Amino acid sequence: MTVRTRADLASLPAYVPGKSIPGAIKLASNEVSAGPLPSVVKAIAEAATGINRYPDSGCVELTGRLADKLGVPADHLAIGCGSVTLCQQLVQATCAENDEVLFAWRSFEAYPIVVHVAGAKQIRVPLTSEHGHDLDAMAAAITPNTRMVFVCNPNNPTGTALRTEQIEAFIARVPSDVLVVIDEAYKEFVDDAHIPDGVELAKQQWAAGRDNVAVLRTFSKAYGLAGLRIGYAVAQPHVAEALRKVYVPFSVNALAQVAAMASLDAEDELMVRCRAIVAERTRVRGELLAMGYDIPPTQANFVWLPLGERTTAFNEHCLAHKVVVRAFAGEGARVTIGEPEENDAFLAAARAFTS
Ligand SMILES: *Cc1c(COP(=O)(O)O)cnc(C)c1O
């Protein structure tokens, strides 16, 4: 007899990771192309001598560092194996079977997966014609079964970002027992003053008695630690505690904790990199617009090319030029901003596609 697994897993979409092709330029996963800082590598190497010991399951030292940085008490934090895992913990902590989780679509690919695995129901609300969250439609889609709403800001894969007053007006329409999760994986690339710092926004909401706002951040993107899997949630104590309850003990490993702290020490250096990526983003978008592409304004470390039916052809064309982008067939392609010469290679491919 074959082992019985859950029948509903057959309908689960598989997470499609960005491809790595030897010799090709990888602009498919929104990673920072520059390698880890020497100071971070050194901290990891030093910590490697202690890996016979279990990690600190409570991530106490890192939690303290983040609490200081963000200006929140330590009980407002939960550390996880990347914000993907925190997304999963959030669903596990808020949803029983058939409860609903609402999110814009297209958005982060992991949302449907974590919701489905938890046995909850996903409600997808299409993006606007401008490729941004349709907050009116999202507010209208809330039902008595809704337990959580993901707001991805800036949105992956479109790069569009919501302004402070839009998010505030949305939260005002959400019942106070429904958790609004602002996923800020790309926060460090935001350069528009109208786009909120989610933690500051959450603090104001909490002060006004609305404790149903939480924020997700990650060390994977701007901090360059995608391979180590570490991120955090900032939330009211009972939400953070619920997250810690569904946490798999010891799952945030010791090297990730040390690397995260070394990255906080090197924050200034890392933010200089982010500003260079933002400058490249402006250049790349400008050149693509000049070539005739429609590119929504982006606040993340990637651009979105809404190519519709031409997406697959564009993807194959880029692959032939040894540039790996992230294609969503029939919708568009997401291209990470890399180092200037990587971006030049992509722009050359994009230019050749138009001629
Ligand atoms: C990349 C990304 C994350 C971060 O994932 P990690 O698990 O922290 O690596 C979270 N949310 C969105 C929208 C992302 O694009």
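The shown structure was predicted, so the numbers you read here are calculated from the model rather than taken from an experiment. (Residues numbered from 1 in each chain as written. Predicted model: local features only at pLDDT ≥ 70, side-chain atom pairs only at ≥ 80, totals over all residues. Heavy atoms only, no water.)

Provide a residue-level description of the overall build of the protein, including the pertinent values.
A count of helical and extended segments in the protein gives 12 helices and 12 strands. If you line up the protein on its principal axes, its C-alpha atoms span 60 × 55 × 50 Å. By sequence separation, contacts in the protein at least 24 residues apart represent 73% of the contacts at least 6 residues apart. Total accessible area on the protein stands at roughly 15500 Å², and carbon and sulfur atoms take up 55% of it. Considering the protein, the positive charge centre built from 32 side chains and the negative charge centre built from 40 side chains are found 4 Å apart. (Helix = DSSP H or I, 4+ residues; strand = E, 2+ residues; numbered from the N terminus. Contact = heavy atoms within 4.5 Å. Areas by Shrake-Rupley, 256 points an atom, 1.4 Å probe, with all protein chains shown as cover. Lys, Arg positive; Asp, Glu negative; His and termini not counted. Charge placed at Lys NZ, Arg CZ, Asp CG, Glu CD.)

Give a detailed account of the nonpolar core, specifying residues and quantitative values.
The biggest cluster of nonpolar side chains holds 86 residues, and the ones touching the most others in it are Phe-219, Leu-288, Tyr-293, Leu-305, Phe-314 and Phe-346. Formed by 26 residues, the second largest nonpolar core is a distinct cluster that contains Val-101, Trp-105, Ala-233 and Val-239. (Core = buried A, V, L, I, M, F, W, Y, C linked by side-chain atoms within 4.5 Å. Buried < 20%, exposed > 50% of the residue type's maximum accessible area, 1.4 Å probe, protein only.)

Please give an account of the site of the ligand that cites residues and values.
Close contacts around the ligand come from 13 residues, with Tyr-186, Thr-218, Ser-220, Lys-221 and Arg-229 the closest. Ser-220 has a polar side-chain atom sitting 2.5 Å from an oxygen atom of the ligand. Burial of the ligand by the surrounding chains reaches 94%, relative to a free accessible area of 390 Å². Residue composition of the shell around the ligand, by class: 5 nonpolar, 5 polar and 3 charged. (Near = heavy atom within 4 Å. Polar contact = N/O pair within 3.5 Å; in protein donor to acceptor, adjacent residues only side chain to side chain. Nonpolar A, V, L, I, M, F, W, Y, C, P; charged D, E, K, R; others polar.)

For the sheet that holds strand 12 (residues 332–336), give the residues involved together with the corresponding values.
If you walk across this open sheet you meet the 3 strands as 9-12-11, and the pairing is antiparallel. The strands lining the two open edges of the sheet, one partner per strand, are strand 9 (302–305) and strand 11 (326–328). Ignoring strand direction, the axes of neighbouring strands in this sheet form an average angle of 15°. Examined bridge by bridge, strand 11 and strand 12 share 3 bridges and lie antiparallel to one another. The partner of Ala-327 across the bridge, within strand 12, is Ala-333. (Pairing = 2+ DSSP bridges. Axes fitted to C-alpha atoms, helices over the stretch in contact; angles between N-to-C directions.)

Break down the pairing of strand 2 (residues 77–80) for me, with residues and values.
Where burial is concerned, the two faces of strand 2 agree: the one with Leu-77 and Ile-79 and the one with Ala-78 and Gly-80 are both buried. Relative to strand 8 (residues 231–234), strand 2 runs antiparallel, the two sharing 4 bridges. Paired with Ala-78 across the strands is Ala-233, a residue of strand 8.

Report on the pairing of strand 3 (residues 100–105), specifying residues and quantitative values.
When you tally the buried positions in strand 3, you get 6 out of 6 residues, the bulk of the element. Every second residue of strand 3 is oriented toward a common face, with Glu-100, Leu-102 and Ala-104 on one face and Val-101, Phe-103 and Trp-105 on the other, all of them buried. Two strands pair when backbone bridges link them, and strand 3 and strand 4 (residues 121–126) are joined in this way by 6 bridges, in the parallel orientation. Each bridged residue has a counterpart across the sheet, and for Val-101 the counterpart in strand 4 is Gln-122. Considered for its hand, the β-α-β crossover made up of strand 3, helix 4 (residues 110–117) and strand 4 is right-handed. (Right-handed = clockwise from strand over helix to strand, strands pointing away.)

Lay out the sheet that holds strand 7 (residues 213–218) in plain terms, naming residues and giving numbers.
The strands making up a sheet are joined through hydrogen bonds of the backbone, oriented either antiparallel or parallel. Taking strand neighbours across the sheet as the criterion, the 7 strands line up as 2-8-7-6-5-3-4 in an open arrangement whose pairing is mixed. Both edges of this open sheet fall to strand 2 and strand 4, since each of them pairs with a single strand only. The average undirected angle you get between the axes of adjacent strands in this sheet is 20°. When strand 3 meets strand 5 (residues 146–152), the two strands line up parallel, connected through 4 bridges. Bridge assignment links Leu-102 to a residue of strand 5, and that residue is Val-149. Against the sheet, helix 2 (residues 60–70) touches strand 2, strand 7 and strand 8, its axis set at about 130° to strand 2. Across the sheet, helix 7 (residues 198–207) lies against strand 6 (179–183), strand 7 and strand 8, angled at about 160° from strand 7, the strand it touches most.

Provide a residue-level description of helix 9 (residues 254–265), including the pertinent values.
For helix 9, built from 12 residues, the straight-helix expectation of 16 Å at 1.5 Å per residue is met to within 8% by its first-to-last C-alpha distance of 17 Å. Counting buried positions over the 12 residues of helix 9 gives 9, a clear majority of the element. Among the residues of helix 9, those classed as buried are Leu-255, Ala-256, Gln-257, Ala-259, Ala-260, Met-261, Ala-262, Ser-263 and Leu-264. (Expected span 1.5 Å × (residues − 1).)

Provide a residue-level description of the pattern of salt bridges, including the pertinent values.
Within the structure shown, the criterion is met by 20 salt bridges. Note that Lys-69 and Glu-267 form a salt bridge whose closest N and O atoms lie 2.7 Å from each other. With a gap of 198 residues between them, Lys-69 in helix 2 and Glu-267 in helix 10 (residues 267–290) connect regions that are remote in the sequence. Residue classification places Lys-69 among the partly exposed positions, given a relative accessible area of 37%. Its salt-bridge partner being Glu-109, residue Arg-326 comes within 2.4 Å of it at the nearest N-O pair. Of the two residues, Arg-326 is situated in strand 11 and Glu-109 in the loop between strand 3 and helix 4; the sequence distance between them amounts to 217 residues. Comparing Arg-326 with Glu-109, the two get one shared label, buried. Overlapping salt bridges bring together Glu-280, Arg-283, Glu-287, Asp-344 and Arg-351 as one network. (Salt bridge = Lys/Arg side-chain N within 4 Å of Asp/Glu carboxyl O.)

Requested: an account of the side chain of Ser-263, with residues and values cited.
Tracing the chain through its elements places Ser-263 in helix 9. Not counting the four nearest positions on each side in its chain, Ser-263 is found in contact with Val-40, Tyr-223, Leu-225 and Leu-270.

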